[in-house]
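Notes for the structure review
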Amino acid sequence: MSKTRTIMKSLLAAIATLMMLAAASTVQAQPFAYISNQNSSDVSLINTATNTVVANVVVGTDPYGVAVNPGGTRAYVSNQTSNNVSVINTATFTVVATVAVGTFPQGIALNPGGTFVYVANRDSNSVSVIDTATNSILTTVTVGTKPVGIAVNPVTGRAYVVNVNSNNVSVIDTSSNTVIATV
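Notes on the nonpolar core
- Core analysis: the biggest nonpolar cluster contains 12 residues, these being Ala-67, Tyr-76, Val-85, Val-87, Ala-97, Val-99, Val-101, Ile-108, Leu-110, Val-117, Val-119 and Ile-130.
- Secondary structure elements with two or more residues in this core: strand S7 (84-89), strand S8 (94-100), strand S9 (105-110) and strand S10 (116-121).
- Once you skip the residues sitting within four places of it in the chain, Leu-110 turns out to touch Ala-67, Val-68, Asn-69, Tyr-76, Phe-116, Val-117, Thr-132 and Val-152.

Some points on unusual backbone geometry
- Positive phi values are uncommon outside glycine, yet Asn-135 reaches one of about 50 degrees.
- Structurally, Asn-135 can be placed in the loop between strand S11 (126-131) and strand S12 (136-142).
- Its identity is not glycine, yet Asn-167 carries a phi of approximately 55 degrees, on the positive side.
- Topologically, Asn-167 is positioned in the loop between strand S14 (159-163) and strand S15 (168-173).
- Judged by relative accessible area, which is 41%, Asn-167 ranks as partly exposed.

Considering the pairing of strand S5 (residues 63-68)
- In terms of residue burial, S5 counts as a mostly covered element, since six of its six residues are buried.
- The hairpin formed by S5 and strand S6 (residues 74-79) contains five residues between the paired strands, and Gly-72 there has a positive phi angle of roughly 75 degrees.

A look at the side chain of Asn-163
- Inspection of the secondary structure puts Asn-163 in strand S14.
- Under the relative-accessibility criterion, Asn-163 is labelled buried at 1%.
- Among the polar contacts made by the side chain of Asn-163, one reaches the side chain of Ser-170 at a distance of 2.9 Å.
- Setting aside chain neighbours within four positions, we find Asn-163 in contact with Val-143, Gly-144, Thr-145, Lys-146, Pro-147, Asn-168, Val-169 and Ser-170.

A few points about the side chain of Ser-36
- With respect to the helices and strands, the residue Ser-36 is situated in strand S2 (residues 32-37).
- With relative accessibility at 9%, the residue Ser-36 sits in the buried group.
- Only 2.8 Å separates the side chain of Ser-36 from the backbone oxygen of Tyr-64, close enough to count as a polar contact.

So, the environment of Ile-130
- Structurally, Ile-130 can be placed in strand S11.
- On the basis of relative accessible area, Ile-130 is assigned to the buried category, the value being 0%.
- Between the alpha carbons of Ile-130 and Leu-110 there is a distance of 9.3 Å; along the sequence they are 20 residues apart.
- Ile-130 has contacts with Val-85, Val-99, Val-101, Thr-115, Phe-116, Val-117, Val-119, Asn-135, Ser-136 and Ile-137, leaving out every residue within four places of it along the chain.

Calculation notes
- Residues numbered from 1 in each chain as written.
- Predicted model: local features only at pLDDT ≥ 70, side-chain atom pairs only at ≥ 80, totals over all residues.
- Heavy atoms only, no water.
- Core = buried A, V, L, I, M, F, W, Y, C linked by side-chain atoms within 4.5 Å.
- Buried < 20%, exposed > 50% of the residue type's maximum accessible area, 1.4 Å probe, protein only.
- Helix = DSSP H or I, 4+ residues; strand = E, 2+ residues; numbered from the N terminus.
- Contact = heavy atoms within 4.5 Å.
- Pairing = 2+ DSSP bridges.
- Polar contact = N/O pair within 3.5 Å; in protein donor to acceptor, adjacent residues only side chain to side chain.

Structural data, given as structure tokens:
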């Protein structure tokens, strides 16, 4: 039992690290990569063909995670200390909406259809679900302690939330927005 627990903790730590790295700084939607810049509270848009910065979009304070919708028309940025998500129009490089979420949002992901954004709120122990059609909170799901990373399975649509202080992963059924398992 002890060996299994050690292996599980190592696995969870590895998943958390990978999810944080994936969500923390770079997301690519052709032909741009979106880079969150925590110290300057903006997002750099880099043209991936020329490797040049084409725009810097001012967002909230301490931007962390970036997720781009499947069509590449909107980028969603979690802003840690302003407790919100900035919605960027990728054609005009402007913020078109700001959505208040839980405390200290970090990980961010979209469902496969791009209709909902899932935001891991580290200090609220919750996930905010944003309706992308209205840029408003649909619901808030309570998860484990200190959720920092989130990924949505493109086949099942389930959201997997890494909770670093409770050493587990919450599995959210995105059709009902309820936790269906804790791993």
